[in-house]
Amino acid sequence: MLAVARCIATEHDASMIALAVLVCSLGIVVVTQMFEQARASRAMARTCWIVLTGVAAGATIWCTHFVSMMGYAANAAVRIDPLLTVFSLMIAVAGTSLGLWVALAGATLRSAAIGGALVGAAAAAMHFLGMAGYHIDGLVHWRLEYVATAPLLSMALAGAALVVLCGERLGRARVPVAAGLLVAGILSMHFTAMTAMQVASFAPDESSASSDDRHALGLATALVGVLAMAASIAAALVDRRTRAEAFRHLRRLAMTDALTGLTNRSGFDEALKSRLAAAERAGTKLALIAIDLDRFKEVNDLYGHKAGDDLLATLARRMSEQLRAEDLIARLGGDEFVALVECRSREELLVPLGRLDAALTAEVNLEGFAGSVGASIGVAVYPDDAPTAEMLSTNADLAMYRAKREGASEPCFYDAGIDEVARRRIELAHDLRMAVQSGKLELHYQPQSRVRTGEVIGYEALLRWKHPTLGAVPPSVFIPVAEEHGLMVTLGEWVLRQACADATKWPRAWKLSVNVSSQQLNKPGLLELCERVLRETRLPAHRLELELTETAIMENRERGLEVLRQIQGLGVSVALDDFGTGYSSLEIMRRFRFDKIKLDRFFASELGDSTQALAIVRAVLELGRSMSIPVLAEGIETRKQLDILIREGCEEAQGFLLGRPVPLQSLVVEDTVRSGPRGYSMPHCPSQPAAAQ
Ligand code: C2E
Ligand code: MG
Ligand code: MG
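Residues numbered from 1 in each chain as written. Chains lettered and ligands numbered in written order. Predicted model: local features only at pLDDT ≥ 70, side-chain atom pairs only at ≥ 80, totals over all residues. Heavy atoms only, no water.

Participant: Requested: an account of the overall build of the protein, with residues and values cited.
Facilitator: A tally of helices and strands in the protein yields 24 helices and 21 strands. Rg of the C-alpha trace for the protein: 45 Å, well past the compact-globule value of 26 Å for 693 residues, more than 25% over. Here the C-alpha coordinates of the protein stretch approximately 145 × 60 × 45 Å along the principal axes. Here the protein holds 693 residues, and the buried ones make up 47% of them. For the protein, the accessible area works out to roughly 32700 Å², and carbon and sulfur atoms hold 59% of it. Taking the average location of the 70 positive side-chain charges in the protein and that of its 77 negative ones, the two points are 4 Å from each other. (Helix = DSSP H or I, 4+ residues; strand = E, 2+ residues; numbered from the N terminus. Rg over C-alpha atoms; globule rule 2.2 N^0.38 Å. Buried < 20%, exposed > 50% of the residue type's maximum accessible area, 1.4 Å probe, protein only. Areas by Shrake-Rupley, 256 points an atom, 1.4 Å probe, with all protein chains shown as cover. Lys, Arg positive; Asp, Glu negative; His and termini not counted. Charge placed at Lys NZ, Arg CZ, Asp CG, Glu CD.)

Below, the structure is given as structure tokens:
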């Protein structure tokens, strides 16, 4: 150590050493920055950056060496071999490039250490090769212990430098610490190697001119080196900036809806969080306005997707024009938009809401479509209506659904009292969806009997759902929820398939009645579904009966009746369910030949007490007789009701008296009753009591 210090102090020019240290430090700062760039790049860009960093590192090592050598007082005539000098530069560049590549390729601290050691070895190789081209007119003696120590020093320190640089442990100090280690490695290696060399000159060189020349050469080398570093720094900065711009551009693209140019869902989610935080800090209100176009689907279906796209783009532009620059409007998908408007009170919102509404209801004149679509708008205000982003979105949606349901002409503000009911229905719909997916639904079967004999002629499939926390939820609650949330078709398909499969396991070939909802009837594919299910389950078509209410048929009467006709064509029968409660239009009876009329249970419940109910039952029975359509009375609970029906000539009945809905396993094999007047005295009773009704 002392010998090294003595070598520096006595055999070197202080100013040149200072210059060498400066060149080395500057160069290594540049090198570490460029290495960072290489680390952040991938594939070809990374290779290019590794080579560039290698060039900068090799040049730094070489310049440091050359400038120091220009400050070395050999006290003898010196000649420099140009070929070996150039070759030493190439070794430095190639060796450091290789080392840096190894450090990055392995992506482990071990590979970083090996790569760093290679960089140190390249620096030492450069030094000794450079010295081989440094011919001194004298006797040169090499002290081996220093020759051996020099490369070890540079390898160890450069190895440590790259471990620090490639690791994350030192945080922000990582780069300066690594740079310091590299500088220390290069300089300590150089001066230790110089200490190894002892010169006994043949004739001392005392020419001051040659010392000036050396200084000038050293300075020129340092200058060229610094210029090269500056160019590298500039390249790194330009690349970093381009990369940052590209990143910003990509981010903008990822946050933008391509069709309308508005912020998309991801962008909106981010903006909502940051604006809520800002509103909380500033103590202001933030309104979330949920917008759903009313007739968009119609435009898309009738006028094509191009017209639909143009419509969305036009309305998006119009809405943006109506809001202030600081407000945000986003498209979440489909015809769903959302706006964020900062305000001090609800009243203040009325102006932007009115403008948005006007923009949405105004006529549009597009190439493929002209007219107005309108929209349902719901508003929830932070912090009054919700404390979090999720709740604010949900509550604005709830208000918007209400606006849609009620066909409101004005935006609806979230109202906890009203919208909580809707929220519970949404939760129920979610649970129902889960139940459908995980097969948690069940079918129960209720017998339909011939009243005179008590003979079971068929069973009606009735859906049952046991909610994990609410218990048994009646179909009158969950069927409308399923219809509202678009679950009914999936649910209906499951019911039909399961019921048909169950019916094939029954001990007798009873008829199977399956309820069909309006959504199933109105969505294309019911005929095909029936065909498929009958084929798959091998249930004979004549054993299947579909039950539809008048309301279901009336939604799209012509089409609905046509589908039902085709289904009848398969051999499947069609019953009119809950007759007497809906439209009770005789017109429908004229236009379609039902295979059965099911008289709603309301009339049975009134039998015996109400003469009007009896009159209606008589009239319906007469209607059935005159049109040769069997009539089944629903909801028979008492013997008295049954006796009246028998007296009035009703042929078929269904009700708790005759049998409650039961699971498949409990379905009783009992198609006749045992005795009694007119063949009937004992109602059909399942062996187990019914589950929840
Ligand atoms: P629905 O088709 O008229 O079915 C008869 C309903 O009356 C059943 O109610 C049944 O349990 C009930 N019921 C039968 N006998 C009596 C009685 O003597 N007294 C009383 N009070 N009620 C009786 P449930 O199972 O609650 O079903 C209600 C409605 O839900 C059904 O009326 C039907 O419209 C619908 N539904 C049930 N399952 C399905 C299904 O799988 N698909 C469709 N689309 N609708 C279904
Ligand atoms: Mg029914
Ligand atoms: Mg019914």
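Participant: An account of the coordination of the magnesium ion (ligand 3) is requested, with residue identities and associated values reported.
Facilitator: Ligation of the magnesium ion (ligand 3) by protein atoms is provided by Asp577 (OD), Asp578 (OD), Glu634 (OE) and Glu634 (OE), these donors lying 2.0 to 2.7 Å from the ion. Mapped onto the polypeptide sequence, the residues donating to the magnesium ion (ligand 3) form the spacing pattern D-D-x55-E. The metal-metal distance between the magnesium ion (ligand 3) and the magnesium ion (ligand 2) is 3.8 Å, with Asp577 coordinating both. With Asp578 in strand β17 (residues 573-579) and Glu634 in the loop between β19 (631-633) and α24 (639-648), this pair connects stretches of sequence that are 56 residues apart. Residue Asp578 is classed as partly exposed on the basis of its relative accessible area of 25%. (Donors = N, O, S within 2.8 Å, 3.2 Å for Na, K, Ca; no water.)

Participant: Give me the site of ligand 1: which residues, what numbers.
Facilitator: Taken together, 24 residues form the shell around ligand 1, and within it Asn515, Asp577, Arg601, Glu637 and Phe656 come nearest. One of the side-chain N or O atoms of Glu460 is found 2.9 Å from an oxygen atom in ligand 1. Take Glu634: an N or O atom from its side chain is 3.1 Å from an oxygen atom of ligand 1. Protein chains bury 86% of the 790 Å² of accessible surface belonging to ligand 1 in isolation. Counting only elements with at least two residues in the shell around ligand 1, the list comes to β13 (456-467), α15 (475-484), α16 (488-503) and β17. No other element matches the 4 residues that β13 contributes to the shell around ligand 1. (Near = heavy atom within 4 Å. Polar contact = N/O pair within 3.5 Å; in protein donor to acceptor, adjacent residues only side chain to side chain.)

Participant: Outline the packing of aromatic side chains, listing residues and values.
Facilitator: What describes a pair of aromatic rings is the distance from one ring centre to the other and the angle between the planes of the rings. Scanning the model with the defined rule gives 11 aromatic pairs in all. Centroid distance Tyr445 to Trp506: 5.5 Å. Interplanar angle 85°. Geometry classified as edge-to-face. Of this pair, Tyr445 sits in strand β12 (residues 441-450) while Trp506 sits in the loop between α16 and β15 (511-515), and the two are 61 residues apart along the sequence. A single burial state applies to Tyr445 and to Trp506, both of which are buried. A connected cluster of aromatic rings, assembled from ring pairs, spans Tyr445, Tyr459, Trp506 and Trp510. (Phe/Tyr/Trp six-rings, centres within 6.5 Å; stacked < 30°, edge-to-face > 60°.)

Participant: Break down helix α6 (residues 144-166) for me, citing the residues and quoting the values.
Facilitator: Compared with the 33 Å implied by 1.5 Å per residue over 23 residues, the 33 Å span of α6 between its first and last C-alpha is a close match. Those residues of α6 lying buried are Tyr146, Ala150, Pro151, Ser154, Ala158, Gly159, Ala161, Leu162, Val164, Leu165 and Cys166. Buried-residue contacts for α6 involve α1 (2-11), α2 (14-40), α4 (82-106), α5 (109-132) and α7 (174-196). (Expected span 1.5 Å × (residues − 1). Contact = heavy atoms within 4.5 Å.)

Participant: Describe in detail the packing of helix α23 (residues 611-627) against α24, supporting the description with residues and values.
Facilitator: Contact geometry of α23 with α24 gives a least axis separation of 11 Å together with a crossing angle of 40°. Comparing their axes, α24 and α23 come out oblique. The crossing of α23 and α24 is right-handed. Of the residues in α24, those touching α23 at Leu614, Val617, Arg618, Leu621 and Arg625 are Ile644, Leu645, Arg647 and Glu648. (Axes fitted to C-alpha atoms, helices over the stretch in contact; angles between N-to-C directions. Parallel < 35°, antiparallel > 145°, perpendicular 65-115°, else oblique. Left-handed = near helix turned anticlockwise from the far one by under 90°.)

Participant: Pulling in residues and values, what's your account of the confidence of the model for the protein?
Facilitator: Per-residue confidence for the protein averages 89 on the pLDDT scale, and 95% of its residues sit at or above 70. For the stretch residues 670-693, pLDDT sits under 50, and the model shows 66 contacts to residues farther than four places along the chain or on other chains. (pLDDT = per-residue confidence, 0-100.)

Participant: Tell me about the domain arrangement of the protein, and name the residues and values.
Facilitator: When cut into domains, the protein gives domain 1 (2-230), domain 2 (265-414) and domain 3 (427-688). With centres defined by C-alpha atoms, the gap from domain 1 to domain 3 works out at 93 Å. (Domains from an automatic or database assignment.)

Participant: Explain the side chain of Arg402 to me, using residue names and the numbers behind them.
Facilitator: Note on placement: Arg402 falls in helix α13 (residues 389-406). In this structure Arg402 comes out as buried when scored by relative accessible area, which is 6%. Not counting chain neighbours up to four residues away, the residues in contact with Arg402 comprise Cys412, Phe413, Tyr414, Asp415, Ile418 and Asp419.

Participant: Give me the lowdown on helix α10 (residues 296-303), citing residues and values where you can.
Facilitator: Within an α-helix, residues lying three or four positions from one another point in the same direction, as the helix has 3.6 residues per turn. For α10, every residue scored as buried is listed here: Phe296, Val299 and Asn300. In a view along the axis of α10, the buried residues occupy a sector of 95°, so they form one face of it. Across from the buried face of α10, at angles greater than 90 degrees, the exposed residues are Lys297, Asp301 and Leu302. In the core, the buried residues of α10 are packed alongside β5 (285-293) and α11 (305-322). Positioned one or two residues after α10, Gly304 has a phi angle of 95°, which is positive. (Arc of directions from axis to C-beta.)

Participant: How would you sum up the packing of helix α18 (residues 526-537) against helix α20 (residues 557-569)? Please name residues and give values.
Facilitator: Contact pair α18 / α20: the axes reach a minimum separation of 9 Å and the direction vectors enclose 20°. Compared by their axis directions, α18 and α20 come out roughly parallel. In this structure, the crossing between α18 and α20 has a hand that is right-handed. Contacts from Leu526, Leu527 and Cys530 of α18 reach α20 at Val563, Gln566 and Ile567.

Participant: How would you explain the coordination of the magnesium ion (ligand 2) if you had to name every residue and give the values?
Facilitator: By definition of the ideal shapes, four donors in a tetrahedron about a metal sit 109.5 degrees apart, and six donors in an octahedron sit 90 or 180 degrees apart. Around the magnesium ion (ligand 2), the protein supplies Glu460 (OE), Asn515 (OD1), Glu547 (OE) and Asp577 (OD) as donor atoms, at distances of 2.0 to 2.2 Å. Of note, the donors binding the magnesium ion (ligand 2) are all from one chain and are spaced E-x54-N-x31-E-x29-D. Exposure remark for Glu460: the relative accessible area of 3% places this residue in the buried category. Among the residues examined, Asn515 registers a relative accessible area of 27% and is labelled partly exposed.

Participant: Any details on the nonpolar core? Residues and values, ideally.
Facilitator: Ranked by internal contacts, the top residues of the largest apolar core, which has 77 residues, are Leu512, Leu544 and Leu546. For this core, the leading source of residues is α16, giving 7 residues. Excluding residues within four positions of it along the chain, Leu544 makes contact with Leu496, Cys500, Lys511, Leu512, Val514, Leu534, Leu539, Val572 and Ser573. Judged by nonpolar contacts, the second largest core, of 55 residues, contains Ala57, Ala179, Val183 and Ala196. (Core = buried A, V, L, I, M, F, W, Y, C linked by side-chain atoms within 4.5 Å.)

Participant: Residue-level account of the pattern of salt bridges, with values.
Facilitator: This structure, assessed with the given rule, holds 36 salt bridges. In this structure, Arg402 engages Asp419 in a salt bridge whose closest nitrogen and oxygen atoms are separated by 2.7 Å. Within this pair, whereas Arg402 is found in helix α13, its partner Asp419 is found in helix α14 (residues 416-437), the two being separated by 17 residues in sequence. Notably, a salt bridge pairs Asp502 with Lys505, separated by 3.9 Å at the nearest N-O pair. Judged by its relative accessible area of 5%, Asp502 is buried. For Lys505, a relative accessible area of 58% corresponds to the exposed category. Among the charged side chains, a salt-bridge network with shared partners connects Glu36, Arg39, Glu168 and Arg174. (Salt bridge = Lys/Arg side-chain N within 4 Å of Asp/Glu carboxyl O.)

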